Structures are given as structure tokens and as C-alpha cells.
Amino acid sequence: MNEVALYLASRSPRRRELLQQLGLAHGLLPADVDESPLPGESAEAFVIRIALEKARAGRQVAPSPLPVLGADTAVVCDGRILGKPADAADAAAMLALLSGRAHRVLTGVAVLGQREQTVLSETRVQFRQIAPAEADAYWASGEPRDKAGAYAIQGRGALFVERISGSYTGVVGLPLFETARLLAAEGVHPWDSTLVPSNLGNQTP
Ligand SMILES: Cc1cn([C@H]2C[C@H](O)[C@@H](COP(=O)(O)OP(=O)(O)OP(=O)(O)O)O2)c(=O)[nH]c1=O
């Protein structure tokens, strides 16, 4: 039995899998917060604030004083913050905006332990052109529904991505390099954990 090293305040299966990639045994907590930007709030401030709110919501219900991790991801293009699409038309509009150009993916991470720590991950993503019919077919696949910016780089959305500069895991929802640094400051180290990530088994990757 592995000892839980921290709590993840998230319902996102991606964040759970990414944390598992580090081999860190963790408990799950709900992180239900209002995810609307404040008037005049920058995208950077927004993702950090929401990550903190998720971690604080988790802290309220955490069964022990272990560190609590929260994160929030947004796609930013033309100064607009794109969250999850409301419907097919919203997703089509998002992909039309992103088509044939570069955008930024911001992920804010917050760790509440002995201290309150936050970090921002920023990645530049270059898309190829996306035809409207292709965007419709992509929506029908179901993949874009719960993803910021209406695409998933880890899924078929990879077909749109010409190149990225920054953090791949940050785009998927939890930048592991930055997250590991925050956790290390709380004394949580992947090397101390004996958990074998279930999706890798004992095979050499
Ligand atoms: C851009 C992009 C986003 N995403 C996901 C990451 C996030 O899960 C989601 C953005 O929504 P978030 O509000 O950041 O997270 P969430 O609601 O899924 O989970 P939580 O319970 O922690 O609030 O978009 C991808 O999976 N792949 C991508 O390429």
C-alpha cells in the first residue's frame, strides 16, 4: 500500500494521469469553483487565481494536512480567454479563431502546504489551417467538449498542432516540471514514492 503524499483538487482525468506519471500517490478532492474571469483580469492572473481557489476549496475538505494541488488551464488568443466550449457553435468559433496561427496556453498551478505557492506555465502553440467541416467532424468526435480552446493536444487535436514551444504537460493541464518544483518545496519528491504508474506497468517506456 502506498502512502498518499498529497491531494489533487480536480475532477480532470488528465491531471490525475499526469500526476500518476510522476509516480506520486495522491488522494482526490472536488474542486468546484466559479471559473469566470473578473472584469479587466489578465489571463495570467485569472489562471493563477482559479488554481488557488481550487486548491483552497480542496483544503476545506481535505481529511489531513497534506499539501493540496490545484490547477487551471486557459487558451489565450487575441487577448481573449478561451475556456471550455459551451456548444458546437462555440467550439467552431474557437477553432476558427485558432486556425492557421499561434496562440498561448496558460496553466496556473497552486500548492497549499506549509506555504501558499503558485506558478504559471506558458506555452506557444502554432496551429495549421482548420477547415470548418473538419472542426464540425472534430466536435462530433466528442473530444473537444471538456477542453479549454476546444481541442486536446493529447488526442486527435494533435492533427492541428504544427509545433509548440513551452510545456507539453502544461498544455494537457498540469506542467510537471513546474509542479514538481512546488511539491519539492513541501518535501514531496517523486523519488520517495514507490508507486508504479498504472498506465506504464513495469515496462521500460
Ligand atoms: C488545450 C488543452 C486543454 N485540455 C484540458 C485541460 C483541462 O482539463 C481543461 C481545461 O479546464 P480546467 O478548468 O483547467 O480543468 P477541468 O475543469 O478539466 O478540471 P478541474 O476539475 O481540475 O477544474 O482542458 C486538454 O486536455 N488538452 C489540451 O490540449
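- The protein chain has the name dTTP/UTP pyrophosphatase in an unreviewed UniProt entry, where Thiohalocapsa marina is given as its organism.
- Regarding the protein chain, the UniProt comment filed under Cofactor (unreviewed entry) reads as follows: "a divalent metal cation".

1. Topic: the overall build of the protein chain
Here's step 1: Each helix and strand counted, the protein chain has 6 helices and 7 strands in total.
Here's step 2: Counting from the amino terminus, the protein chain carries its helices and strands in the arrangement β-α-β-α-β-β-α-β-β-α-β-α-α.
Here's step 3: Relative to the compact-globule value of 17 Å for 205 residues, the protein chain shows a C-alpha radius of gyration of 17 Å, a close match.
Here's step 4: The C-alpha extent of the protein chain, read off along each of the three principal axes, is 50 × 45 × 25 Å.
Here's step 5: The contacts of the protein chain with a sequence gap of at least 6 include a subset with a gap of at least 24, amounting to 69%.

2. Some words on the site of the ligand
Here's step 1: Around the ligand lies a shell of 25 residues, among which Ser10, Arg11, Ser12, Ile153 and Gly173 are the nearest.
Here's step 2: A breakdown of the residues in the shell around the ligand according to their chemical character gives 9 nonpolar, 7 polar and 9 charged.

The rules we used
Residues numbered from 1 in each chain as written. Predicted model: local features only at pLDDT ≥ 70, side-chain atom pairs only at ≥ 80, totals over all residues. UniProt positions renumbered as here; feature names shortened; annotations may be inferred. Helix = DSSP H or I, 4+ residues; strand = E, 2+ residues; numbered from the N terminus. Rg over C-alpha atoms; globule rule 2.2 N^0.38 Å. Contact = placed C-beta atoms within 7 Å. Near = placed C-beta within 6 Å. Nonpolar A, V, L, I, M, F, W, Y, C, P; charged D, E, K, R; others polar.

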